[in-house]
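# Structural description and commentary
Listed below, chain by chain, are the residues.
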Amino acid sequence: MTGSYLLAGVSFRVDSQLPFADGRFAGYTYSGRPDVTVSLSVSDVIGVPQCAPTKLLPDKSVYMLHGGGCRLLFHEGERVYASSVCTSGAVSVTCLRGKENYFSSAKAIFAHIGFERTLALHGAVLLHASLVLTERGGILFSGPSGTGKTTQAMLLERSGAGRMINGDRAALRADGAPTAHGLPYSGSSDRFERGDAPVRAVVFPVKGAENKLDRVSPSEAFRMIYSECTAFPWDASAAASAADVISAVCKEVPVYRYTATKEPGSADYLRAELLC
């Protein structure tokens, strides 16, 4: 089975020995030439490298490969159930026989390809943010969980200033004017749709008793955005690419710390400050 998708300006073609559903990726289908090919096969055995992994994560081990790639081993307890060999233009995924149900949707397949790393190598960075598209461009509300980014995005939408196309995840690109892209990932908000726009501003809400917008310096903006992006300190190429994107955004786009209430007047304040 084959499926093709366009995510944050990067095109993927998935060729699988197993049937899978588009699911939430249905709105991101694509018919052009792929930047990245993903192949999925099934095997009775998955070998484990004898060398020590570069990085141990809660559910996988990462091995760097000579020539700029990496290998990901995915664990269920102590047993490896899948392996992915990833380069910038191709990912080969092997599923252990008996675990085929783990790959029944496009979302599940993309969870096993080092998606964030692949985006970074193609000039896009995954940002923990709510994205609102307005007539003046995209407004990104970013920050740690619980700081009010989704609340502020919803208030801005309800004011009629724009449409929230994602409540939790967006991608940034900076090949030209910085742009924000919707993705089929949305955390608990369950708000996601395809769309992109030039970035008007990046806003980091902080709960407070009044509405006050303070622009931060480019160096502080870099630190704030970087802390909410998926970074790869174990992969020099991907980390450098992500840093380049963030640096370009911070040079060209205003970034604000926003002390805000949860009242509708918060949206009126933002509209007056950012969209007029």
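Residues numbered from 1 in each chain as written. Predicted model: local features only at pLDDT ≥ 70, side-chain atom pairs only at ≥ 80, totals over all residues. Heavy atoms only, no water.

Once that is clear, we can look at empty space enclosed by the protein. Unfilled space is identified by rolling a water-sized probe across the atoms. For the structure on display, the rule yields two cavities of 30 Å³ or more. Empty space within the largest cavity amounts to approximately 50 Å³. Taken together, Thr147, Gly148, Thr151, Gln152, Pro205, Val206, Lys207, Ala260, Thr261 and Lys262 make up the lining of the largest cavity. For the lining of the largest cavity, the element with the highest residue contribution is strand β14 (residues 196-207), accounting for three residues. Among the residues forming the lining of the largest cavity, the class breakdown is three nonpolar, five polar and two charged. If you add up the space inside the second largest cavity, you get close to 40 Å³. Forming the walls of the second largest cavity are Glu116, Ala120, Ala124, Val125, Leu126, Thr230, Phe232 and Ala242. Contributing elements (two or more residues each) for the lining of the second largest cavity: α2 (115-121) and β9 (124-134). Broken down by element, the lining of the second largest cavity gets its largest block of residues, three residues, from β9. The residue makeup of the lining of the second largest cavity, split by class, is six nonpolar, one polar and one charged. (1 Å grid on protein atoms, 1.4 Å probe; cavity = no way out; pocket = protein on both sides within 12 Å on 5 of 7 lines; lining within 4 Å. Points joined across faces, edges and corners; volume = space filled by probe spheres on them. Helix = DSSP H or I, 4+ residues; strand = E, 2+ residues; numbered from the N terminus. Nonpolar A, V, L, I, M, F, W, Y, C, P; charged D, E, K, R; others polar.)

Let us now look at the side chain of Gln152. By secondary structure assignment, the location of Gln152 is in helix α3 (residues 149-158). A distance of 2.6 Å separates the side chain of Gln152 from the side chain of Ser266, its partner in a polar contact. With sequence-adjacent residues up to four places away left out, Gln152 is seen in contact with Phe141, Pro205, Tyr258, Ala260, Thr261, Lys262 and Ser266. (Polar contact = N/O pair within 3.5 Å; in protein donor to acceptor, adjacent residues only side chain to side chain. Contact = heavy atoms within 4.5 Å.)

This part takes up the sheet that holds strand β3 (residues 36-43). What holds strands together in a sheet is hydrogen bonding between their backbones, with the strands either parallel or antiparallel. In spatial order, the strands read β1-β2-β3-β8-β7-β6-β5-β4; together these eight strands make up an open sheet with mixed pairing. Sheet topology places β1 (2-7) and β4 (55-57) at the edges, where each strand pairs with a single neighbour. Within the sheet, the average angular offset between the axes of one strand and its neighbour, ignoring direction, is 20°. Pairing geometry for strand β7 (residues 79-86) and strand β8 (residues 90-96), over five bridges, is antiparallel. Pairing of Ser83 across the sheet is with Thr94, part of β8. (Pairing = 2+ DSSP bridges. Axes fitted to C-alpha atoms, helices over the stretch in contact; angles between N-to-C directions.)

The next point concerns the packing of aromatic side chains. A full pass over the atoms with the stated rule returns 12 aromatic pairs. Ring centres 6.0 Å apart and planes at 80° place the aromatic pair Tyr5 and Phe110 in the edge-to-face group. Placement of the pair is Tyr5 in strand β1 and Phe110 in helix α1 (residues 106-110), with a sequence separation of 105 residues. An identical accessibility class is assigned to Tyr5 and Phe110; each is buried. Plain terms: the ring middles of Phe12 and Phe115 are 5.9 Å apart, the flat faces sit at 50° to each other, and that makes the pair tilted. Highlighted residues: Phe12 in strand β2 (residues 10-16) and Phe115 in helix α2, separated in sequence by 103 residues. Put simply, the rings of Tyr5, Phe12, Phe25, Phe110, Phe115 and Tyr185 pair up and form one aromatic cluster. (Phe/Tyr/Trp six-rings, centres within 6.5 Å; stacked < 30°, edge-to-face > 60°. Buried < 20%, exposed > 50% of the residue type's maximum accessible area, 1.4 Å probe, protein only.)

Moving on: unusual backbone geometry. Backbone geometry at Ala8 places phi at a positive 55°, although glycine is not the residue there. The residue Ala8 is located in the loop between β1 and β2 in this model. Look at Ala8 and you get buried, because its relative accessible area is 4%. The phi dihedral of Asp190 is positive, around 55°, even though this residue is not glycine. For Asp190, the position within the fold is in the loop between β13 (179-182) and β14.

On to the pairing of β7, then. Across the eight residues of β7, six count as buried, placing the element largely inside the fold. Where strand β6 (residues 69-76) and β7 come together, seven bridges link them in antiparallel fashion. Its bridge partner lying in β7, Leu73 is registered against Ser83. Between the antiparallel neighbours β6 and β7 lie two residues, among them Gly77 with a positive phi of about 70°. Between β7 and β8, which follow one another and run antiparallel, lie three residues.

Everything listed here is a matter of geometry and, on its own, says nothing about what the molecule does.
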